[in-house]
Amino acid sequence: MAQWTSAVGAAQLARLLKSQQDRPAGPGSRRPPAYRALADGIRLLVLEGRVPVAARLPAERELALSLSVSRTTVAAAYEALRTEGFLESRRGAGSWTAVPAGNPLPARGLEPLPPEALGSVIDLGTAALPAPEPWLTRAVRGALEELPPYAHTHGDYPAGLPALRSMIAERYTTRGIPTMPEQIMVTTGAMGAIDAICHLFGGRGERIAVESPSYANILQLMREAGARLVPVAMAEGLTGWDLDRWRQVLREAAPRIAYVVADFHNPTGALADEEQRRRLVEAARSAGTVLVVDETMSELYLDPGLEMPRRVCAFDPAGSTVITVGSASKAFWAGMRIGWVRAAPDVIRSLVAARAYADLGTPVLEQLAVNWLFSTGGWEEAVTVRRDQARDNRDALVAAVRRELPGWEFEVPGGGLTLWVRTGGLSGSRIAEAGERVGVRVPSGPRFGVDGAFEGYVRLPFTVAGAVAEEAATRLAAAARLVEAGVSNGGESPRTFVA
């Protein structure tokens, strides 16, 4: 059986290769042979995630015609890639991209630091802000006042507290998306929601289409559930999704589930527009794919005057194709482990029934706290402060990185909590390792890709402010100098992934 999960057409690959010609060559570089330049270009596209791992490449003759080169040049390039481990082939099945065994995949960088380490290390591994006060304390006090009637029950509410389910449904309805409480299940965070969805729809061996890059913790959750991940490259910059690629993957790979973050995508910060949302829902419906939409960043719009598009589920109001996941963790506080699922009532019933074999239900006190925030206006007040804080942090981090690391490239997102940064040709994995030595913790790009892509990137959350943001950038610059000197990896070349 062929090992590829998506395909890249000859014209598409030619356009991607042409886009690399705008990048400046390194100092003292000489023009390589044509086959070597082609092999290096394809290799870089794979490592940056612009061509997914396990994507079938066009036949030699087709690519030669699109590039206006000889077939011999393409054949030599493919052979070089096979030798280096970036291409696998099988007679009758074609050739597909790969990443060699042993490509560095850091094991650290996203888990929160223990509190006792925060004084000596700047933690840029976790995209989460401290609790907003006084709203957290007020919410907990309000929850305690509402707790006594629930304390006389068994305390297990597999679908969530009825009051909170009704409140969440009402919030969707007021946004123009009619929703009944029967369409809501309260979960233990967004991770709990997606875990339940994957176990219901994505059994072991099922294909799940994911954005490339995507949220690292979700990718790992899906891997551990036994899913076969099918990466779909994001569009260039902050422009959202590449719908041509999505239609192709949904048609050819027929994934059971597709997982997307439409609002201030983690890690890139991209915001999908309404037309992209409508077309992706239509494509998923036609392919019979369940579209799981993560809305955890949807309320963290930062730029004044930014007009937010309608929610993805607005294009599928009955919930037959789109399953929406929301959470209090990003907009309010990560310690408030309350998430929810919006879907068709029959899907909610199935999720609730399956929950009896998992966690039985979400803590009552935390549900009451979130319900207090929603019902009193405390949520809107706290999230407004959150936006101001995140905007100030973003602007401080952007200014500091541009000053200390002028060769690093990124676009400033209009919301969310993360910058997706190209590290000027340096290995993101090596920068993460060197960062540990100089006191800054940062996750490298491969954590957010499938099978080793995005080696030339790091994710920088804007969760630190002022002087701390400036110091973080200073330490990152020190880490980059160590990588350039070959210190962090025992003297190995830090640029081995660059064409």
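How each quantity is defined
Every chain is numbered on its own, with residues counted from 1 as its sequence reads. Given that the model is predicted, a residue must reach a pLDDT of at least 70 before its local features are reported, and side-chain atom pairs must reach 80 or more before they are shown or counted; all residues, however, enter totals for whole chains, interfaces and linings. Derived side-chain values reflect all non-hydrogen atoms in the structure, with water molecules and hydrogen atoms excluded from consideration. Lines fitted to C-alpha atoms define the axes, with helix axes restricted to the stretch in contact, and inter-axis angles between N-to-C directions lie between 0 and 180 degrees. Note on conventions: DSSP H or I runs of at least 4 residues are helices, E runs of at least 2 residues are strands, and numbering of each starts at the N terminus. In this scheme, roughly parallel covers angles under 35 degrees and roughly antiparallel covers those over 145, while 65 to 115 is roughly perpendicular and the rest are oblique. Should the near helix be turned anticlockwise from the far one by less than a right angle, the crossing is termed left-handed; should it be turned clockwise, right-handed. Throughout, a residue-residue contact means that at least one pair of heavy atoms, one from each residue, lies within 4.5 Å. Residues are grouped as follows: Ala, Val, Leu, Ile, Met, Phe, Trp, Tyr, Cys and Pro are nonpolar; Asp, Glu, Lys and Arg are charged; every other residue, Gly included, is polar. Definition used in this section: a nonpolar core is a set of buried Ala, Val, Leu, Ile, Met, Phe, Trp, Tyr and Cys residues joined via side-chain atoms within 4.5 Å. Working definition: with a 1.4 Å probe on protein chains only, accessible area under 20% of the residue-type maximum means buried, over 50% means exposed, and in between means partly exposed. When charges are counted, Lys and Arg contribute as positive and Asp and Glu as negative, whereas His and the chain ends are disregarded. The salt bridge definition used is simple: a Lys or Arg side-chain nitrogen within 4 Å of an Asp or Glu carboxyl oxygen. Side-chain atoms alone can form a polar contact between residues adjacent in sequence; in general such a contact is a pair of N or O atoms within 3.5 Å, and within protein one must be able to donate a hydrogen while the other accepts it. Points on a 1 Å grid over protein atoms alone make up a cavity when a 1.4 Å probe fits among them but cannot get out, and a pocket when they form an open set with protein on both sides within 12 Å along at least five of seven lines; lining residues each have an atom within 4 Å of a point. Grid points are joined across faces, edges and corners, and a volume is the space filled by probe spheres set on the points. Patches draw on residues past 30% relative accessible area with no salt bridge. Two like charges within 9 Å are joined, as are two nonpolar side chains (Val, Leu, Ile, Met, Phe, Trp, Tyr) within 5 Å. Where accessible areas are quoted, they stem from the Shrake-Rupley method and a 1.4 Å probe; at the residue level, only the protein chains shown are allowed to cover. Here, a strand pair is defined by DSSP locating no fewer than two bridges between the strands.

Draft legend 1. Representation of the packing of helix α14 (residues 378-404) against helix α16 (residues 466-484). As a packed pair, α14 and α16 sit with axes 8 Å apart at the nearest point and diverge in direction by 30 degrees. Taken together, α14 and α16 sit at an angle that is classed as roughly parallel. Helix-helix and strand crossings are classified by hand; for α14 and α16 the assignment is right-handed. In contact with Ala396, Leu397, Ala400, Val401, Arg403 and Glu404 of α14, α16 contributes Gly466, Ala469, Glu470, Ala473, Thr474 and Ala477. Residue composition of the contact of α14 with α16, grouped by class: seven nonpolar, two polar and three charged.

Draft legend 2. Geometry of the nonpolar core. Counting residues in hydrophobic clusters, the biggest one holds 54 residues, and the most contacted among them are Trp241, Trp246 and Leu291. The element best represented in this core is helix α13 (residues 364-376), accounting for six residues. Once residues lying within four places of it in the same chain are set aside, the contact partners of Trp246 are Ala209, Val210, Glu211, Val232, Trp241, Ala258, Val260 and Leu280. If you look at the next biggest cluster of nonpolar residues, it comprises 38 residues, including Leu129, Val464, Leu476 and Leu482.

Draft legend 3. A look at the side chain of Arg459. With respect to the secondary-structure elements, Arg459 resides in strand β15 (residues 457-461). No salt bridge is formed by the buried Arg459; its nearest oppositely charged neighbour, Asp123, is found at 7.9 Å. Of note is the side chain of Arg459, whose polar atom sits 3.1 Å from the side chain of Asn266.

Draft legend 4. Summary view of empty space enclosed by the protein. Tallied over the entire structure, the rule returns two cavities of 30 Å³ or more. Each pocket or cavity is described by its volume, and for the largest cavity that value is around 170 Å³. In terms of lining residues, the largest cavity is bounded by 15 residues, among which Tyr172, Arg175, Glu299, Arg311 and Trp340 are the most central. Top contributing element to the lining of the largest cavity by residue count: helix α7 (residues 162-174), with three residues. Split into classes, the residues belonging to the lining of the largest cavity amount to six nonpolar, four polar and five charged. Put simply, the second largest cavity is a space of about 80 Å³. Around the second largest cavity sit 13 residues that line it, and Ser6, Ala7, Pro52, Arg245 and Gln248 are the ones nearest its centre. Within the residue set of the lining of the second largest cavity, elements represented by two or more residues are β1 (6-7), β8 (228-233) and α10 (243-252).

Draft legend 5. Local environment of the pattern of salt bridges. All told, the structure shown has 25 salt bridges when counted by the stated rule. A salt bridge links Arg36 to Asp40, with the nearest nitrogen and oxygen atoms 2.8 Å apart. Residue Arg36 and its partner Asp40 are located together in helix α2 (residues 34-47), separated by four residues, close to a single helical turn. We note that Arg36, like Asp40, is buried. In this structure, Arg310 and Glu274 form a salt bridge, with 3.2 Å as the shortest nitrogen-oxygen distance. With a gap of 36 residues between them, Arg310 in the loop between β10 (290-294) and β11 (322-327) and Glu274 in helix α11 (residues 274-287) connect regions that are remote in the sequence. The partly exposed category is assigned to Glu274, whose relative accessible area is 29%. One network of salt bridges, with partners in common, ties together Arg36, Asp40, Arg43 and Glu84.

Draft legend 6. Spatial organisation of unusual backbone geometry. Cis geometry marks the peptide bond from Glu133 to Pro134, where omega comes out at 10 degrees. With respect to the element layout, Pro134 can be found in the loop between β5 (122-123) and α5 (135-146). The omega torsion of the bond from Asn266 to Pro267 falls at 25 degrees, within 30 degrees of zero and hence cis. If you trace the backbone, Pro267 turns up in the loop between β9 (257-260) and α11. Of note in this structure, Ala254 is not a glycine but carries a positive phi near 50 degrees. Within the secondary structure, Ala254 sits in the loop between α10 and β9. Within the chain, Phe264 stands out as a residue other than glycine whose phi angle is a positive 55 degrees. Turning to its location among the elements, Phe264 is positioned in the loop between β9 and α11.

Draft legend 7. Representation of a nonpolar patch on the surface within the structure. There is a patch of nonpolar side chains on the surface, built from Val140, Leu144 and Leu365 and spanning about 220 Å² of accessible area. The exposure class of Val140 is partly exposed, given its relative accessible area of 34%.

Draft legend 8. Molecular detail of the environment of Gly424. Position of Gly424 among the secondary structure elements: in the loop between β13 (418-422) and α15 (428-438). You can call Gly424 partly exposed: its relative accessible area is 37%. Here the alpha-carbon distance between Gly424 and Tyr457, two residues 33 residues apart in the chain, equals 8.6 Å.

Draft legend 9. Fine view of the pairing of strand β6 (residues 184-187). Alternating residues of β6 divide into Ile184 and Val186 and Met185 and Thr187, and every residue in both groups is buried. Both β6 and strand β12 (residues 339-342) contribute to a ladder of four bridges, which runs antiparallel. Paired with Val186 across the bridge in β12 is Trp340.

Draft legend 10. Layout of the pairing of β15. Of all five residues that make up β15, five are buried, and the element is covered over most of its length. Side chains Tyr457, Arg459 and Pro461 project from β15 onto one buried face, and the interleaved Val458 and Leu460 project onto a second face that is buried too. Pairing between β13 and β15: five bridges, direction antiparallel. Bridge pairing links Leu419 to Leu460 in β15.

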